[in-house]
Amino acid sequence: MMDLNALMKQAQAVQQKFTEAQEKMNQVVVTGQAGAGLVSVDLQGGGVLTRLHIDPSLINADEAEVLADLIIAAHADARKKLDEESARLMKEAAGPFGNMPMPKLF
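Remember, predicted model here, so these are calculated numbers, not experimental data.

Looking now at the overall build of the protein. Per the secondary structure count, the protein includes 2 helices and 3 strands. Counting from the amino terminus, the protein carries its helices and strands in the arrangement α-β-β-β-α. For the protein, the proportion of its 106 residues judged to be buried stands at 25%. In the protein, the share of contacts with a sequence separation of at least 24, taken over all contacts with a separation of at least 6, comes to 53%. Carbon and sulfur atoms make up 58% of the accessible area of the protein, which totals about 7,000 Å².

Right under this line is the structure:
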């Protein structure tokens, strides 16, 4: 039978690691790109859009629909990277509990 005190200490240590992982995740910035880099966006932490870059060659009335599609694709690319980083940090924080399903940070 496991020592209850040891189990509680281990659970507290894991909780602390989750808190640290969440703090790290708040500092993460990822860049998503579309159109071979013609459009890029930076997302921070929970998905906050912090930067949008549009290549000047795309700023033309005839390309408005293409530009909108590229912005959406760049955001989706950045969001995917942010989700991957969140999953990595959560798994790292889980330590011996790493094989259990983990909640997403954001």
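Back to the text.
A contiguous nonpolar patch, built from L4, L7 and M8 and spanning about 290 Å² of accessible area, is present on the exposed surface. Turning to its location among the elements, L4 is positioned in helix α1 (residues 4-27).

Here we come to the pairing of strand β3 (residues 48-54). Relative to β3, strand β2 (residues 39-44) is paired through 6 bridges, and the arrangement is antiparallel. Counted as the bridge partner of L43 is L49 from β3. The turn joining β2 and β3, which pair antiparallel and follow one another in sequence, is formed by 3 residues; a positive phi near 45° is taken by G45.

Here the focus is the side chain of S40. With respect to the helices and strands, the residue S40 is situated in strand β2. With a relative accessible area of 6%, S40 lands in the buried category. Polar contacts involving the side chain of S40 include one to the side chain of R51, which spans 3.0 Å. Excluding residues that lie within four positions of it along the chain, S40 makes contacts with T31, G32, Q33, R51, L52, H53 and A74.

Of note, V39 is situated in strand β2. Sequence separation between V39 and I71 is 32 residues; the distance between their C-alpha atoms is 6.2 Å. For V39, the contacting residues outside a window of four places in its chain are G32, Q33, A34, L52, H53, L58, L67, L70, I71 and A74.

Our focus in this paragraph is the pairing of β2. Of all 6 residues in β2, 5 are buried, a share of seventy percent or more. With 6 bridges connecting them, strand β1 (residues 29-34) and β2 associate as antiparallel partners. Each residue of the ladder has a partner; that of T31, found in β2, is D42. As consecutive antiparallel partners, β1 and β2 are separated by 4 residues, and within that stretch G35 has a phi angle of approximately 60°, a positive value.

Another point: the environment of A74. With respect to the helices and strands, A74 occurs in helix α2 (residues 64-94). Non-local contacts of A74, meaning those with residues more than four positions away in its chain, are made with G32, Q33, A34, V39, S40 and V41.

Rules used throughout
Residues numbered from 1 in each chain as written. Predicted model: local features only at pLDDT ≥ 70, side-chain atom pairs only at ≥ 80, totals over all residues. Heavy atoms only, no water. Helix = DSSP H or I, 4+ residues; strand = E, 2+ residues; numbered from the N terminus. Buried < 20%, exposed > 50% of the residue type's maximum accessible area, 1.4 Å probe, protein only. Contact = heavy atoms within 4.5 Å. Areas by Shrake-Rupley, 256 points an atom, 1.4 Å probe, with all protein chains shown as cover. Patch = residues over 30% accessible without salt bridge, like charges linked within 9 Å, V, L, I, M, F, W, Y side chains within 5 Å. Salt bridge = Lys/Arg side-chain N within 4 Å of Asp/Glu carboxyl O. Pairing = 2+ DSSP bridges. Polar contact = N/O pair within 3.5 Å; in protein donor to acceptor, adjacent residues only side chain to side chain.

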